[in-house]
Amino acid sequence: MATVLLLRHGRTTSNTSGVLAGWTPGVGLDETGERQVGEARKRLEQLPIVRIVSSPLQRCQETAAAVAVGLPDITVETDERLGECRYGAWTGRKIGELVKDDLWRTVQDHPSAAVFPASPDFAHESLAQMSARAVAVVRELDAAVEAEHGPQAVWVAVSHGDVIKALLADALGSHLDQFQRIVVSPASVSAVRYTARRPFVVRVNDTTGDLTDIPEKAAPTGDATPGGETGTDSSD
């Protein structure tokens, strides 16, 4: 089974100014974000990564390009389905204003029912729609990576906070209404292995740790180890 590394883009000026960027064009990494991504690159270039697929938005494209510098044989691909949630009329607004909107409580407490308002300038969708398309594309790409490169392959999906939280909630078998319990920081790495029986969540919101133990030496059956993993090669 392949392993997908879910990499959130680095920090942007929208993050620090408290604005919901969404699909606003021209939102790139700030100086701190560039540094964060440089540190992520050093961690990721130690892994046998075979593919990088990114959201089309600038902040993710910059993050993916920076990571690819350490992987000269990899060309960054783009898939719109990894893009940010389409927040519609919420796009570009201050978080301080949005917290006063009645929809805010739905987003926080019952996100599976949250549908963002229409806008003449930006597309809108529900959080459930965002989750469904993100899960579909990652599972589709993961299967393609494994088919081409084998069960030990590692690949990277560069995306956004809410998207990665939704992917992790799905992998954890958690309802979307619980996804706000998950924290995904800028330039953090989360890792998931999909098997025929269940996904395994290997990392969540890792910003500093060693990632070199992520590739499996032997493909597990998809069964969990009673008492916890042993940390040894199961082929020994």
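Our subject in this report is the structure included herewith.

Basis of the calculations
Residues numbered from 1 in each chain as written. Predicted model: local features only at pLDDT ≥ 70, side-chain atom pairs only at ≥ 80, totals over all residues. Heavy atoms only, no water. Buried < 20%, exposed > 50% of the residue type's maximum accessible area, 1.4 Å probe, protein only. Helix = DSSP H or I, 4+ residues; strand = E, 2+ residues; numbered from the N terminus. Pairing = 2+ DSSP bridges. Right-handed = clockwise from strand over helix to strand, strands pointing away. Arc of directions from axis to C-beta. Contact = heavy atoms within 4.5 Å. Polar contact = N/O pair within 3.5 Å; in protein donor to acceptor, adjacent residues only side chain to side chain.

## A word on the pairing of strand E2 (residues 49-54)
Here E2 lies mainly inside the structure; 5 of its 6 residues are buried. In the sheet, E2 pairs with strand E4 (residues 154-159) via 5 bridges, with the strands oriented parallel. Across the sheet, the residue bridging to Arg51 is Trp155, located in E4. Between the parallel elements E2 and strand E3 (residues 77-78), the chain passes through helix H3 (residues 58-69) in a crossover that is right-handed.

## Quick look at unusual backbone geometry
With a phi angle near 65°, Ala187 is a residue other than glycine that sits in the positive phi range. Tracing the backbone shows Ala187 in the loop between helix H7 (161-171) and strand E5 (189-194). The class for Ala187 is buried, based on a relative accessible area of 5%.

## Here we look at helix H5 (residues 102-109)
What H5 keeps buried is the set Leu103, Trp104 and Val107. Across the axial projection of H5, the buried residues extend over an arc of 110°, all falling on one side. Exposed and facing more than 90 degrees away from the buried side of H5 are Asp102 and Asp109. Packed against the buried residues of H5 are helix H4 (95-98) and helix H6 (127-149). For H5, the side-chain oxygen to backbone nitrogen distance between the N-cap and Leu103 is 2.8 Å, and the N-cap itself is Asp101.

Structural measurements only, silent on function.
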